[in-house]
Amino acid sequence: MTAHIEGSLEAMDLPTLVQFVAHEGQTAIRLENGSQKGEIYLDHDEICHAELHRPNGQSTLTGEEVVYELLSWETGTFKVERNVPPPTISIQTQWSFLLTEGVRQIDERRSQKELAINNNEQLLSELLAEMSDEDAAKIKELVKQNKEIDMANINQTLDEIMKIDGAIACALVDFES
């Protein structure tokens with residue numbers, strides 16, 4: 001019988017979880033995030049295999065790149081099962097390097113995303129400066145409302161902007177970028 005631990009990635013992120021179970025012998029960490037499923041197998045202090053199962057019967061990916069992808073998951077659930085041998089060996093790199101590289105890639109993506117957000121905010125500021133105060137205030141209010149929503153719906157925002165007289169150029173520039 002295999003013992004297991006279950007939890008959410010919101011409560012314990014994957015790097016912490018791997019460090020926690022790395023010394024437990026043969027261990028499988030099974031992850032779910034929406035319709036995606038992933039697995040990381042450890043064998044005596046080393047990550048030796050990782051799989052990512054894409055939804056709708058798409059191909060299964062294996063290897064180091066899967067570890068990096070799974071490390072980027074901020075939500076989802078995990079289940080740790082002990083005494084589970086890996087189905088194969090697809091990774092020969094030390095787990096400490098995999099975690100360090102995975103976290104570095106996550107930080108790099110965040111930096112790129114922040115840079116894109118800053119560039120978009122600068123472009124929006126320049127466009128608003130060319131509009132009337134009334135139209136600019138309406139667009140600022142729409143942007144503020146959408147920032148309060150977890151996932152802003154760009155189509156809805158563009159539809160609302162298109163309704164503002166004089167804002168067509170702004171919507172077209174944003175839509176094409």
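Residues numbered from 1 in each chain as written. Predicted model: local features only at pLDDT ≥ 70, side-chain atom pairs only at ≥ 80, totals over all residues. Heavy atoms only, no water.

**Quick notes on the sheet that holds strand 4 (residues 46-53)**
Part 1: One open sheet accounts for 6 strands, arranged 1-6-2-3-4-5; its pairing is antiparallel. Because the sheet does not close on itself, it has two edges, and the strands there are strand 1 (4-8) and strand 5 (60-62). Here the strands of the sheet are splayed against their neighbours by 15 degrees on average, with no regard to which way each runs.
Part 2: In this structure, strand 4 lies alongside strand 5, joined through 3 bridges in antiparallel fashion. Looking at the pairing, E51 lines up with T62 of strand 5.
Part 3: Lying over the sheet, helix 1 (residues 14-21) contacts strand 1, strand 2 (27-33), strand 3 (36-43), strand 4 and strand 6 (77-82), oriented at roughly 165 degrees with respect to strand 2.
Part 4: Sheet contacts for helix 2 (residues 64-71): strand 2, strand 3, strand 4 and strand 5; angle to strand 4, the most-contacted strand, approximately 75 degrees. (Pairing = 2+ DSSP bridges. Helix = DSSP H or I, 4+ residues; strand = E, 2+ residues; numbered from the N terminus. Axes fitted to C-alpha atoms, helices over the stretch in contact; angles between N-to-C directions. Contact = heavy atoms within 4.5 Å.)

**A word on the nonpolar core**
Part 1: Among the nonpolar cores identified, the biggest contains 26 residues, and L14, I29 and I47 are the most heavily contacted of them.
Part 2: Put simply, the parts of the chain that give this core at least two residues each are helix 1, strand 2, strand 3, strand 4, helix 2, strand 6 and helix 3 (95-129).
Part 3: Among the elements that take part in this core, helix 2 stands out by supplying 5 residues, more than any other.
Part 4: Not counting residues within four places of it along the chain, the set of residues in contact with I47 comprises V18, I40, Y41, L42, V67, I91, T93, W95 and L98. (Core = buried A, V, L, I, M, F, W, Y, C linked by side-chain atoms within 4.5 Å. Buried < 20%, exposed > 50% of the residue type's maximum accessible area, 1.4 Å probe, protein only.)

**Things to note about the pattern of salt bridges**
Part 1: On inspection of all chains with the given rule, the structure shows 6 salt bridges.
Part 2: Close ionic contact of E81 with R30 constitutes a salt bridge, the shortest N to O distance being 3.3 Å. Highlighted residues: E81 in strand 6 and R30 in strand 2, separated in sequence by 51 residues.
Part 3: Owing to a relative accessible area of 14%, E81 belongs among the buried residues under this scheme. (Salt bridge = Lys/Arg side-chain N within 4 Å of Asp/Glu carboxyl O.)

**Some remarks on the environment of E69**
Part 1: Along the polypeptide, E69 turns up in helix 2.
Part 2: Assessed through its relative accessible area of 27%, E69 is described here as partly exposed.

**Points about unusual backbone geometry**
Part 1: Positive phi, normally seen in glycine, also occurs at D45, with a value near 75 degrees.
Part 2: With respect to the element layout, D45 can be found in the loop between strand 3 and strand 4.
Part 3: With a phi angle near 60 degrees, N83 is a residue other than glycine that sits in the positive phi range.
Part 4: By the secondary structure assignment, N83 is in the loop between strand 6 and helix 3.
Part 5: The class of N83 is exposed, set by a relative accessible area of 56%.

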